[in-house]
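# Chains, contacts and geometry: an overview
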Amino acid sequence: MLAGTVALLWCSTVVAQSPPLADVVEVPLVPPGLSSFPIHMSGQYVQVFDEPDGTNVLHFLGDFELVLGAQELGVGRQTVRSREAVVWINAREFQGKTYQHLQLILWRDAEIASIGGSVTKGPLLLVTLNTVGSLTTHADDIVFRASEDSDLYLQGQRIREAAMREEAGPLEAHVVFRVVDVSGISQEKTVQKSRPILKFRSPGDFVVREVEDGQRVLTVTGGVYLSRGAANDGDFLELQADSVVVFLPKKEGAAEPQTQRAVGLGVDQMPRLSARDGDDRSSPVPGLGAARDRQMMTSAVGDVDVESVYLEGDVRMRQGASAVRATRVYYDLIRDRAVILDATVTTSLVNNRLPLYLRASEIRQLSSQEFVASDALLTTSEFHTPHYHIGASRIALTTRALDRPGISGGFKIHNATVNVGGTPVLYWPYLAGDVDVTETATRGLRTGFSGAFGLELETDWHTFSMLGMETPKGFDSTLSLDYFSERGPAAGIDTKYFRDRYFGDFRSYLMTDNDEDNLGADRTAGSIHDIRGRVLSRHRHYLGNDWQLTFELAYLSDRDFLEEFFESEFDNQKEQETLIFLKKQRANWAFTALLQTRLMDFVTQTERLPDFAYYLFGEPIGERLTWFSENRFGFVRYRPADQTFRDFLIDGQQFASGTVARADSRQEFDAPVDVGPWRFVPFVSLRGTVWDDTIAGGGAARAFGAYGVRGSMYLSKVDREVRSELFDLDGVRHVIKPDITAWMSHTNQDSAGLFPFDETVEKIDEVDGAAFGLRQRWQTKRGQGKTRRAVDFLTWNLETGLFRDNNPGGDLTNGFVSFSRPELSIARNYVNSSVIWRVNDRTALVGETNYDINDGEVDVLNVALSVERTPRMSYLLAYRFIEEADSGLLGFDFNYRMTEKHTLAVRHAYDVEAGRTSDFTVALIRRFPRWFSALSFALDEAENDFGVTLSIWPEGLPQAAIGSRRFTGIADSSRLNRN
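Calculation rules
Residues numbered from 1 in each chain as written. Predicted model: local features only at pLDDT ≥ 70, side-chain atom pairs only at ≥ 80, totals over all residues. Heavy atoms only, no water. Helix = DSSP H or I, 4+ residues; strand = E, 2+ residues; numbered from the N terminus. Buried < 20%, exposed > 50% of the residue type's maximum accessible area, 1.4 Å probe, protein only. Contact = heavy atoms within 4.5 Å. Areas by Shrake-Rupley, 256 points an atom, 1.4 Å probe, with all protein chains shown as cover. Salt bridge = Lys/Arg side-chain N within 4 Å of Asp/Glu carboxyl O. Patch = residues over 30% accessible without salt bridge, like charges linked within 9 Å, V, L, I, M, F, W, Y side chains within 5 Å. Pairing = 2+ DSSP bridges. Phe/Tyr/Trp six-rings, centres within 6.5 Å; stacked < 30°, edge-to-face > 60°. Lys NZ or Arg CZ within 6 Å of the ring centre and 35° of its normal. Core = buried A, V, L, I, M, F, W, Y, C linked by side-chain atoms within 4.5 Å. Polar contact = N/O pair within 3.5 Å; in protein donor to acceptor, adjacent residues only side chain to side chain. pLDDT = per-residue confidence, 0-100.

## As for the overall build of the chain
- When its secondary structure is counted, the chain shows six helices and 51 strands.
- Split into buried and exposed, the 979 residues of the chain put 45% on the buried side.
- For the chain, long-range pairs separated by at least 24 residues make up 55% of all intrachain contacts whose partners lie at least 6 apart in sequence.
- With an accessible surface of roughly 47800 Å², the chain has 56% of that area assigned to carbon and sulfur atoms.

## A word on the pattern of salt bridges
- Applying the stated rule across the entire model yields 45 salt bridges.
- Connected via shared salt-bridge partners are Arg487, Asp513, Arg532, Asp558 and Glu564.

## With respect to unusual backbone geometry
- Here Leu609 and Pro610 are connected by a cis peptide whose omega angle stands at -10°.
- Within the element layout of this structure, Pro610 appears in strand β33 (residues 605-621).
- The phi angle at Asp375 is positive, at roughly 50°, despite the residue not being glycine.
- The residue Asp375 is located in strand β18 (residues 370-379) in this model.
- A positive phi angle, close to 55°, is found at Ala587, a residue other than glycine.

## Topic: a nonpolar patch on the surface
- On the surface, Ile493, Phe506, Val535, Leu543, Leu549, Phe551, Leu553, Tyr555, Ile580, Leu595 and Leu599 cluster together to form a nonpolar patch covering roughly 860 Å² of accessible area.
- Secondary-structure elements contributing two or more residues to the nonpolar patch are β29 (531-544) and β30 (547-556).
- In this fold, Leu549 is placed in strand β30.
- In this structure Leu549 comes out as partly exposed when scored by relative accessible area, which is 32%.

## Here we look at the pairing of β33
- Taken together, the seven bridges between strand β32 (residues 589-597) and β33 define a ladder with antiparallel strand orientation. Opposite Ala590, over in β33, you have Tyr615 as the bridge partner.
- Bridge count for β33 against strand β34 (residues 625-639) is 13 bridges, and the pairing is antiparallel. Bridge pairing in β34 places Thr606 opposite Tyr638.
- Connecting β33 to the antiparallel partner β34 that follows it, the hairpin turn spans three residues, and Gly622 within it adopts a positive phi of roughly 70°.

## Overview of the packing of aromatic side chains
- Inspection of the entire model under this criterion finds 25 aromatic pairs.
- When the ring of Phe60 is compared with that of Phe64, the centres are 4.8 Å apart and the planes differ by 50°; the resulting orientation is tilted. Each member of the pair Phe60 and Phe64 is classed as buried.
- On the basis of an interplanar angle of 55° and a centroid distance of 6.5 Å, the ring pair of Phe484 and Phe565 is categorised as tilted. Taken together, the residues Phe484 in strand β24 (residues 475-484) and Phe565 in helix α4 (residues 561-565) connect sequence positions 81 residues apart.
- Given the relative accessible area of 17%, Phe565 is considered buried.
- Taken together through their ring pairs, the aromatic side chains of Phe484, Tyr509, Phe561, Phe565 and Phe566 make up a single cluster.
- The ring of Phe566 is capped by Arg534, whose NZ or CZ atom sits 5.3 Å from the centre of that ring.

## Let's talk about the nonpolar core
- Val244, Val309, Leu311, Tyr331, Ile340 and Ile363 are the most contacted members of the largest nonpolar core, which has 38 residues in total.
- Those residues in contact with Ile363 that lie beyond four places of it in its chain are Ala338, Val339, Ile340, Ala343, Val345, Leu358, Val372 and Ala373.
- Grouped together as the second largest cluster of nonpolar side chains are 22 residues, Ile39, Val46, Ala85 and Leu102 included.

## Considering the environment of Ile112
- Relative to the assigned elements, Ile112 resides in strand β4 (residues 97-113).
- Judged by relative accessible area, Ile112 falls into the buried class, the value being 0%.

## Here we look at the side chain of Asp739
- Looking at where Asp739 falls in the secondary structure, it is placed in strand β40 (residues 729-747).
- Looking at Asp739, its side chain comes within polar contact range of the side chain of Arg775, at 2.9 Å.
- Not counting residues within four places of it along the chain, the set of residues in contact with Asp739 comprises Trp678, Gly711, Ser712, Ala771, Phe772, Gly773, Arg775 and Phe819.

## So, the confidence of the model for the chain
- Residues of the chain with pLDDT of at least 70 account for 74%, and the chain-wide mean is 77.
- Low pLDDT (under 50) marks residues 71-75, which in the prediction has six contacts with non-local residues, meaning those over four places away or in another chain.
- This stretch, residues 401-407, has a pLDDT under 50; its non-local contacts, to residues over four places away or in other chains, come to 16 contacts.

## Some points on the side chain of Asn895
- Structurally, the position occupied by Asn895 is in strand β47 (residues 887-897).
- Using a relative accessible area of 0% as the deciding quantity, one classes Asn895 as buried.
- One polar contact links Asn895 to Arg907, side chain to side chain, over a distance of 3.0 Å.

## Things to note about the environment of Ser322
- Relative to the helices and strands, Ser322 resides in strand β15 (residues 322-332).
- Ser322 gets classed as buried once you look at its relative accessible area, which sits at 18%.
- With 35 residues separating them along the chain, Ser322 and Tyr357 place their C-alpha atoms 9.8 Å apart.

## Points about the environment of Leu455
- Within the element layout of this structure, Leu455 appears in strand β23 (residues 454-462).
- Here Leu455 falls in the partly exposed class, since its relative accessible area comes to 47%.
- Each C-alpha atom of the pair Leu455 and Glu486 lies 7.3 Å from the other, and the pair is 31 residues apart in sequence.

See below:
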């Protein structure tokens with residue numbers, strides 16, 4: 001906002017065309033704090049009136065926008081937007097200059113885009129503005145009538161008066177544009193939506209009659225249409241029907257009516273809204289006081305006060321994102337309550353744009369945000385008799401406003417059943433929780449058969465919903481209830497949470513298991529535990545003053561459990577640890593304290609009892625030097641896993657340590673210097689470490705030093721004459737980045753006699769080497785219109801690493817150079833090449849090769865061709881060779897949409913070295929109205945396993961799949977990256 005204010009002040013000076021500096025000006029043409037730019041305000045509907053003191057008031061409803069400035073003046077524009085706004089305008093004077101002082105209350109989706117590019121958002125904002133520019137207003141409908149009884153005006157007037165008392169002077173301390181977020185006011189001051197005038201028009205006949213007890217009604221037949229609010233507003237109400245009865249206020253002095261009915265219409269047969277339905281005079285929003293007793297309606301017979309309406313005959317109702325069709329509707333316009341009979345409600349889930357249908361014999365709207373449905377049916381199918389649905393004896397729904405189309409809120413479901421083909425297959429007596437675009441009570445089900453697990457049934461449920469609780473803000477929890485015929489039953493809870501001051505997750509799983517694990521590579525072992533499982537808890541809390549606390553607790557029943565049942569987590573995610581970690585970080589320094597212990601004897605870990613560290617990053621020293629510092633002191637203990645014979649053959653004998661006191665300090669000094677186009681960074685690093693115990697016994701001290709240089713430069717050339725339709729080229733820009741790293745190091749002790757507490761401390765050795773790299777990019781322009789963009793159509797990186805000492809790392813690893821810390825490099829001479837050629841937006845060729853100079857062999861070779869011919873076909877051909885694992889894997893992925901209803905998917909991975917199939921899967925996906933099914937067959941010779949799976953999932957809700965979710969992503973697209 002400061003940037004926007006400065007820009008406004010600067011632009012004001014330009015437009016005012018101030019006189020030359022030689023002129024003496026005692027009164028500026030435009031005083032500071034005033035804008036001379038024109039102001040344009042617009043909205044769908046506006047009420048205009050004057051307050052007793054002469055202040056002009058404009059009450060805008062629907063898509064309010066204020067624009068300050070104009071592009072034709074050569075300056076930027078400041079834009080103010082909201083769903084509803086009240087604007088107060090009065091004339092003031094400052095230094096002999098008359099100006100307009102504007103005060104705006106912006107409500108719902110308030111957004112202010114400043115000239116400087118910053119954006120301010122909030123649910124309720126107060127804006128003050130001073131201008132001598134012109135004011136113009138535009139609206140689709142302008143009414144000269146006061147809105148002094150609307151809640152937004154009343155609340156805005158209170159906020160405005162409080163702001164006026166705080167003003168520093170006539171020009172508010174010379175501030176042109178001022179914004180205050182007033183959304184944090186107490187609940188008793190919360191703003192309720194305003195009540196715009198109800199519009200009514202009908203081609204039928206009007207009959208006004210008086211019924212018993214002085215109640216007057218307006219009866220209209222022949223087709224009616226009622227609306228309230230702006231068409232694009234979230235609270236827009238629209239009603240259509242064959243006939244309507246409008247209930248007018250009873251005559252003065254008449255008794256309270258006992259019934260509400262009109263001749264010829266079945267009003268007396270409608271269910272009544274009783275006190276238990278919230279039928280009182282208070283607002284549904286706490287703290288706003290009593291609701292008004294009348295609502296103004298504009299009709300063909302003039303403006304009249306109304307209380308409620310009754311409609312029948314092909315009733316159509318739209319409010320917010322929901323559309324309703326019913327036979328009869330009674331609607332209380334004052335309190336937004338309704339009774340809807342034989343109703344079908346259509347809405348959409350937000351993220352996936354999936355239609356949602358609710359059918360019920362009776363729906364009671366208790367307020368604009370509260371609904372109760374009886375004998376309800378919930379489905380995503382538009383058919384009157386859907387293939388699947390959720391049934392309930394009663395559904396209670398509370399909605400919340402969103403900044404996008406759709407619904408959100410809380411729900412309570414009584415006697416819920418999951419029905420397939422009209423037959424109940426699941427039952428739960430009570431569910432409660434949040435309505436969300438991706439959530440149903442059932443989060444997912446999987447059923448199938450495999451050789452390793454037998455008959456599989458895995459189900460995921462919303463934990464809080466199953467417990468009949470609403471989900472706490474920021475929390476998400478899944479309850480897993482599984483069964484494997486060859487292994488046993490299993491259950492677990494996964495919970496994630498994210499709040500302002502903390503976040504974390506909790507994972508648990510418990511099962512009975514008497515079978516053996518098959519982990520591939522001839523690793524078959526029987527479980528020694530009848531009860532297996534895991535517990536993992538991770539939590540981070542921000543304590544304030546730049547402190548944060550992290551807690552982790554991890555326990556596994558045995559060493560193979562995670563790899564067998566949660567293989568993706570075992571391969572890709574963080575190590576299972578138990579620790580408490582405290583950190584304070586500010587600017588370029590950080591202090592940490594780590595307390596860590598090991599709970600599982602089959603895991604190799606270093607315990608820290610505790611370990612303290614201090615880091616300093618990029619601290620300038622004078623004009624040339626930059627200092628990096630890393631220091632630690634603490635007590636550590638190395639605890640290797642209990643070794644199997646296979647572990648002993650791979651790792652050799654592992655020695656455990658006692659509690660060892662350790663101090664370590666590393667200091668690095670860099671001195672960047674430019675030589676022509678090159679940027680060189682000479683560096684020196686010094687490290688000193690002491691231990692009070694080693695493998696050989698007794699203490700030790702080590703000094704380690706490294707020195708060298710890093711360097712890089714950029715070269716580029718543009719050739720706009722290159723054109724090719726075949727290769728989709730429109731000009732070429734070639735960017736080359738050569739780089740170099742060279743260093744030498746010295747130490748008085750190698751790593752062989754030290755316990756390996758940390759790879760980055762104890763495992764470093766004296767290594768001299770150099771790396772040379774050549775990074776290249778070829779860029780061109782692709783796309784049409786707004787999608788036109790610059791892309792890297794070809795990248796080719798070459799790198800070679802050369803070492804004087806080629807022993808560390810052994811024969812089972814590839815060479816590697818660490819540019820930031822060369823002492824962590826793996827000393828094996830190598831040449832690496834990686835290429836990505838994006839032939840076009842749908843075809844790419846990828847390749848990588850690593851050549852080991854020491855043994856004269858290729859250690860790594862990856863080649864892949866990806867082709868997407870959407871929407872019908874996509875395929876991937878790939879080959880990967882890794883010498884270290886003695887693995888050569890040939891892969892083929894294929895998606896083909898045969899018809900509008902059938903899609904074929906094939907996945908094949910063949911291990912060339914072992915001569916066996918690692919994965920072969922064939923799936924047929926079938927589209928039905930609003931749901932899909934997939935039948936898949938899978939074979940894995942590496943783990944001697946096979947399986948057959950049937951999957952069923954609703955359109956737009958793949959997480960609710962019954963069966964494997966592997967192929968749910970290609971139901972609507974054949975793209976490979978949707979799997």
